[in-house]
Amino acid sequence: MNIEEARGRIAAAQRIVALTGSGISAESGIPTFRGPGGLWRNFRPEDLATPQAFRRDPQLVWEWYDWRRSLIAQANPNAGHIALAELEQRTPSFTLVTQNVDGLHARAGSVNVVRLHGDIWTLRCTRCERSWEDMRASLDPLPPICECGAMARPGVVWFGEPLPTREWNIAAQASHQSEVFLIIGTSAVVQPAASLAGVAQDAGAIVIEVNAAQTEISDWVDCHLEGNASEILPLLLAP
Ligand code: APR
């Protein structure tokens, strides 16, 4: 399927799901996880985004998140985020499912955003479970402390932790009911998020992938559009 056919299917669809990964925020200046620039002090995300790493060295894990928060604080939504927000306004049923924790979809105007991996601007107490939003680009003290006196953790989902049940159920049901499933800027290697494209296709949706490179799913999607999301999405999604 070429981009013109894909455009026609999107324009005619009543129910659309878009699944995004860090690639859609790359052009906003936020490094992806597995591409160039994804390392911090030579650590991989898999080394730091785990409950074990946090227990072992909360200061180190918090320094990584403080670095990412400061990067994100300087970032702005790009034309890819905005094109998705505009498509949502024109589509009877539109669900944006994101693996990203940077908040750029909401800042671009997306309303129905399902955050599978949480939100980097939310903190959660490790003892009383209270959670709150803290938009400071640089946290002091680090690690941040809850009102109850215990240490807070980032309000994100770490490797080995379950996805939030409510968000997962919404994402899975919307994918199953979708007519068009857009998968944008994700290497599609982290489960269970990556399985949603197969759920949609098995239920009869067409799957359109937008990625700067080939991925593990490129050979079975209905349409693979290769290039930068900020350039392709405005062309693909324009009315
Ligand atoms: N436009 C489109 N795609 C891009 C762009 C771009 N400008 N730049 C990079 N990409 C693509 C890469 O080709 C890659 O396929 O974005 C993808 C980024 O893949 P990852 O770095 O693996 O990020 P992601 O798929 O979001 O990771 C999933 O893994 O570390 C965990 O929780 C973290 O949510 C994250 C999850």
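Model, not experiment: these values are computed from the prediction.

1. Structural notes on the domain arrangement of the chain
For the chain, the domain assignment lists domain 1 (3-29 + 75-117 + 162-237) and domain 2 (45-74 + 126-156). The distance between the C-alpha centroids of domain 1 and domain 2 comes to 28 Å. Each partner contributes residues to the interface: domain 1 has 7 residues there, and domain 2 has 6 residues. When domain 1 packs against domain 2, the two sides together hide about 490 Å² of surface, and 54% of this comes from carbon and sulfur.

2. Focus: the nonpolar core
Among the nonpolar cores identified, the biggest contains 26 residues, and Val61, Trp62, Trp64, Tyr65, Ile120, Trp132 and Trp158 are the most heavily contacted of them. Of all the secondary-structure elements, those providing two or more residues to this core are α3 (51-56), α4 (58-73), β4 (118-125) and β6 (152-156). Two domains each put at least three residues into this core: domain 1 (3-29 + 75-117 + 162-237) and domain 2 (45-74 + 126-156). Among residues more than four places away in sequence, those in contact with Val61 are Leu48, Ala53, Phe54 and Trp158. In terms of nonpolar packing, the next biggest core, distinct from the first, is built from 25 residues, Ala83, Ala229, Ile232 and Leu237 among them.

3. Observations regarding the site of the ligand
Lining the immediate surroundings of the ligand are 21 residues, of which Ser22, Arg34, Thr186, Ser187 and Asn211 lie closest. A distance of 2.6 Å is found between an oxygen atom of the ligand and a side-chain nitrogen or oxygen belonging to Arg34. Compared with its free state, where it exposes 730 Å², the ligand has 88% of that area covered by protein. Split into classes, the residues belonging to the shell around the ligand amount to 7 nonpolar, 12 polar and 2 charged.

4. Focus on the packing of helix α5 (residues 79-90) against helix α9 (residues 229-237)
Where α5 meets α9, the axes come as close as 7 Å, and the angle between the chain directions of the two elements is 25°. In terms of axis orientation, α5 runs roughly parallel to α9. Relative to α9, the crossing made by α5 is left-handed. Every residue of α9 that contacts α5 at Ala79, Gly80, Ala83, Leu84, Leu87 and Arg90 is listed here: Ala229, Ser230, Leu233, Pro234 and Leu237. Considered class by class, the residues forming the contact of α5 with α9 number 8 nonpolar, 2 polar and 1 charged.

5. Details of the sheet that holds β4
Taken in spatial order, the 3 strands of this open sheet run β5-β4-β6, and their pairing is antiparallel. For this open sheet the edge positions go to β5 (131-133) and β6, each flanked by a neighbour on one side alone. Ignoring which end each strand starts from, the neighbouring axes of this sheet average 40° apart. Judged from the 3 bridges that link them, β4 and β5 form a sheet pairing that is antiparallel. Each bridged residue has a counterpart across the sheet, and for Arg124 the counterpart in β5 is Ser131. Along the sheet, α4 makes contact with β4 and β6, crossing β4 at roughly 140°.

6. As for the environment of Ala12
As for its position among the elements, Ala12 is in helix α1 (residues 3-12). Sequence-wise, Ala12 and Thr91 are 79 residues apart; in three dimensions their C-alpha atoms are separated by 9.2 Å.

7. Thoughts on the pattern of salt bridges
Counted according to the given criterion, the structure contains 11 salt bridges. Here Glu63 and Arg41 are joined by a salt bridge, their closest N and O atoms 2.8 Å apart. Highlighted residues: Glu63 in helix α4 and Arg41 in the loop between β1 (15-20) and α2 (45-48), separated in sequence by 22 residues. Where Arg44 meets Asp47, a salt bridge forms, and the shortest distance between an N and an O atom there is 3.1 Å. Note on Asp47: relative accessible area 27%, which makes it partly exposed.

8. With respect to the environment of Arg153
In this structure, Arg153 sits in strand β6. Look at Arg153 and you get buried, because its relative accessible area is 8%. When the C-alpha positions of Arg153 and Asp47 are compared, they lie 16 Å apart, and in sequence the two are 106 residues distant. If near-sequence neighbours (up to four positions away) are discounted, Arg153 is found in contact with Phe54, Trp62, Thr122, Leu123, Arg124, Thr126, Trp158 and Glu161. Side-chain polar atoms of Arg153 contact the backbone oxygen of Val156, separated by 2.7 Å.

How each quantity is defined
Residues numbered from 1 in each chain as written. Predicted model: local features only at pLDDT ≥ 70, side-chain atom pairs only at ≥ 80, totals over all residues. Heavy atoms only, no water. Domains from an automatic or database assignment. Contact = heavy atoms within 4.5 Å. Buried area = accessible area lost by both parts, 1.4 Å probe. Core = buried A, V, L, I, M, F, W, Y, C linked by side-chain atoms within 4.5 Å. Buried < 20%, exposed > 50% of the residue type's maximum accessible area, 1.4 Å probe, protein only. Helix = DSSP H or I, 4+ residues; strand = E, 2+ residues; numbered from the N terminus. Near = heavy atom within 4 Å. Polar contact = N/O pair within 3.5 Å; in protein donor to acceptor, adjacent residues only side chain to side chain. Areas by Shrake-Rupley, 256 points an atom, 1.4 Å probe, with all protein chains shown as cover. Nonpolar A, V, L, I, M, F, W, Y, C, P; charged D, E, K, R; others polar. Axes fitted to C-alpha atoms, helices over the stretch in contact; angles between N-to-C directions. Parallel < 35°, antiparallel > 145°, perpendicular 65-115°, else oblique. Left-handed = near helix turned anticlockwise from the far one by under 90°. Pairing = 2+ DSSP bridges. Salt bridge = Lys/Arg side-chain N within 4 Å of Asp/Glu carboxyl O.

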